[in-house]
Structure formats: C-alpha cells, structure tokens
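Architecture and fold: a report
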Amino acid sequence: EVQLVESGGGLVQPGGSLRLSCAASGFTFSSHWMHWVRQAPGKGLVWVSRINSDGSAISYADSVKGRFSISRDNAKNTLYLQMNSLRAEDTALYYCSRGGSYSLGDYWGLGTLVTVSS
Amino acid sequence: QSALTQPPSASGSPGQSVTISCTGTSSDVGAYNYVSWYQQYPGKAPKLMIHEVSKRPSGVPDRFTGSKSGNTASLTVSGLQAEDEADYYCSSYGGNRDMFGGGTKLTVL
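To start, this report covers the structure provided alongside it.

Conventions adopted
Residues numbered from 1 in each chain as written. Chains lettered and ligands numbered in written order. Predicted model: local features only at pLDDT ≥ 70, side-chain atom pairs only at ≥ 80, totals over all residues. Heavy atoms only, no water. Helix = DSSP H or I, 4+ residues; strand = E, 2+ residues; numbered from the N terminus. Rg over C-alpha atoms; globule rule 2.2 N^0.38 Å. Contact = heavy atoms within 4.5 Å. Buried area = accessible area lost by both parts, 1.4 Å probe. Salt bridge = Lys/Arg side-chain N within 4 Å of Asp/Glu carboxyl O. Polar contact = N/O pair within 3.5 Å; in protein donor to acceptor, adjacent residues only side chain to side chain. Nonpolar A, V, L, I, M, F, W, Y, C, P; charged D, E, K, R; others polar. Phe/Tyr/Trp six-rings, centres within 6.5 Å; stacked < 30°, edge-to-face > 60°. Buried < 20%, exposed > 50% of the residue type's maximum accessible area, 1.4 Å probe, protein only. Lys NZ or Arg CZ within 6 Å of the ring centre and 35° of its normal. Pairing = 2+ DSSP bridges. Axes fitted to C-alpha atoms, helices over the stretch in contact; angles between N-to-C directions. Disulfide = S-S within 2.5 Å.

With that settled, consider the overall build of chain B. Each helix and strand counted, chain B has zero helices and nine strands in total. Helices and strands in chain B line up, N terminus first, as β-β-β-β-β-β-β-β-β. The C-alpha atoms of chain B give 13 Å as radius of gyration, which agrees with the globular expectation for 109 residues (13 Å, within 12%). Here the C-alpha coordinates of chain B stretch approximately 40 × 25 × 25 Å along the principal axes. Across chain B, every contact between residues at least 6 apart in sequence was considered, and the portion connecting residues at least 24 apart equals 56%.

Structure (structure tokens):
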C-alpha cells in the first residue's frame, strides 16, 4: 500500500525556517517524480515544487523561488522541503504527493500544517 | 490569482450531468496532454479522478469523464450522485512549472 507521511510542520515566526519531510513507502520511491502542494485554510490547492526521480530536475512556483528548496534521499525514501525566510502568506497545510500518471498527485499524504505568525 | 481558471461553483440535481471547465494558455493546457482532475472533500486529501486529459485511474466511476479543446479542459460528471458533492481542481504541466486551477465547488441540489 502506498503511503506518504509528512512531518516537520509547526508554528514559526516570520523570517524563520522549517524543514518538512515526507516518508514514502509501498512503492519504488526512486522511480517517481514527487511534488509539494500547499493549501491555505479555506483556500485552493497551490503547487509549490517538484523534483524528478533522481533529483536532477527541480522546479518551483514563483512565490517560493529563492526561499524554498526541494530535495530527496532515495536511500531513505524521503522527500524534503527546506523553507527559509517564511512569510505569513506561507501559512498552509503542506502535502507531498507522488507524481504518477503525469499528474501532480496520484497518491497524497495527509499533510503537515505550517503556521507563520509572530 | 490561479494559473488555471475554473468557475467557483457548479451545481446539478441527482441524475443530471454537470461540466466544469478549466482554462489555461497555449503554454500549459493547450501545449500538453497532461491535464488532471482531483476531487477533495472538506478536511481530506485530494483524490486523483482523471489524468492525461481523459484517463480514469482504477476505481474511479465511469460517470467521470475528461476532455480538452484548445486551451480549455473539461470534467463532466454524469448521473450526479449526492457523494459527488465536493471541490474539484484541475491541474496542468506547464514545462518549467506546474499549476492548479482555483477549484470548483460542486453542489448536488
């Protein structure tokens, strides 16, 4: 069974940093693109970043470019999102998703909540 | 402002059909056959309903169909059922970035 479990969220002050993790199991992690998607409370889905299977191709949404960094450790079956210079508008539930079937997510985690507030 | 444009709401009575549109540009929806649709219930993670414009993952009812014409993709839900009431999002590959639509709240009257 495919499972994606996010962790690392929490309350952080503006300008602070957090590192999110996504532990994957039940599939060959190293064969799949992975995404981070966020959803602010009561709002829609917003694509944040993607990374290809071996980490050689990475893309970011303009809103996070230069502040966030996506990476993966295929030996540990784990996806990461390093978030720096956090802003109030980064407050959201952050999902990791498997980019199967040329989609932004054929499997999704339950998300980890990031709150940026003083 | 979302990269892809969806109507904020749609509705229909049980048994009817409803179509939700998703408009992009010639650089995303119009350029690639990598449009997907997701269903999301409140407080739940999204579920993939359609990928590659019109393909249904295993387990998704055939009442859900996807299509595309030019820069606009569409999701049609036929034979509406109460359980179809949810938020629906489209997404598209766009080369050096991906994107979602703003979402459509589907109400079954």
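Taken residue by residue, the interface counts 21 residues in chain B and 19 residues in chain A. For the pair chain B and chain A, the two sides together bury roughly 1,600 Å², of which 60% comes from carbon and sulfur. Three residues stand out in chain B for area buried against chain A, namely Pro46(B), Asp98(B) and Phe100(B), and they jointly supply 35% of the buried area on that side. Counting every contact that joins chain B to chain A gives one salt bridge. Where Arg50(A) meets Asp98(B), a salt bridge forms, and the shortest distance between an N and an O atom there is 2.8 Å. Across the chain B-chain A interface, the total number found is eight residue pairs in polar contact (both at pLDDT 80 or more). Looking at the side of chain B that touches chain A residue by residue, the classes come out as nine nonpolar, eight polar and four charged.

Inspection of the entire model under this criterion finds nine aromatic pairs over all chains. Judged by centre distance (6.4 Å) and plane angle (5 degrees), the ring pair of Tyr32(B) and Tyr34(B) falls under stacked. Judged by relative accessible area, Tyr32(B) falls into the partly exposed class, the value being 27%. Grouping aromatic residues by their ring pairs yields a cluster made of Tyr95(A), Trp108(A), Tyr38(B) and Phe100(B). Seen from the ring of Phe29(A), Arg72(A) lies directly overhead, with NZ or CZ sitting 4.3 Å from the centre. We note Arg98(A) situated over the ring of Phe27(A); from NZ or CZ to the ring centre the distance is 4.9 Å.

Let us look at the sheet that holds strand β5 (residues 64–69) of chain B. Residue and element names in this part refer to chain B. Here we have three strands laid out as an open sheet, ordered β2-β6-β5, and antiparallel in their pairing. Looking at which strands have only one partner, the edges of the open sheet turn out to be β2 (18–23) and β5. Direction aside, the axes of adjacent strands within the sheet are offset by 20 degrees on average. Relative to strand β6 (residues 72–77), β2 runs antiparallel, the two being bridged by six bridges. Paired with Thr 19 across the strands is Thr 76, a residue of β6.

What follows concerns the sheet that holds strand β7 (residues 68–73) of chain A. Residue and element names in this part refer to chain A. Strands sit in the order β1-β3-β8-β7 across an open sheet of four strands; the sheet is antiparallel. The strands lining the two open edges of the sheet, one partner per strand, are β1 (3–7) and β7. Each neighbouring strand pair of the sheet contributes to a mean axis angle of 15 degrees, computed without reference to strand direction. Strand direction decides the pairing type here: strand β3 (residues 18–25) and strand β8 (residues 78–83), joined by six bridges, are antiparallel. Counterpart to Cys 22 in the pairing with β8 is Leu 79.

Another aspect to go through is the pattern of salt bridges. Residue and element names in this part refer to chain A. Scanning the model with the defined rule gives seven salt bridges over all chains in all. Between Asp 62 and Lys 65 there is a salt bridge, with the nearest N and O atoms lying 3.2 Å from each other. Among the charged side chains, a salt-bridge network with shared partners connects Arg 38, Arg 67 and Asp 90.

So, about the side chain of Asn52(A). All names here are of chain A. Mapped onto the elements of the fold, Asn 52 is located in the loop between β5 (45–51) and β6 (58–60). A polar atom in the side chain of Asn 52 sits 3.0 Å from the backbone nitrogen of Gly 55. A polar side-chain atom of Asn 52 sits 2.8 Å from the main-chain amide nitrogen of Ser 56.

Residues and elements named next belong to chain A. Under the counting rule described, the total for this entry stands at two disulfides over all chains. The side chain of Cys 22 participates in a disulfide bridge whose partner is Cys 96; the two sulfur atoms lie 1.9 Å from each other. Of the two residues, Cys 22 sits in strand β3 while Cys 96 sits in strand β9 (residues 92–98), which places them 74 residues apart along the sequence. Given the relative accessible area of 0%, Cys 22 is considered buried.

Treat this as a map of the structure, not an account of what it does.
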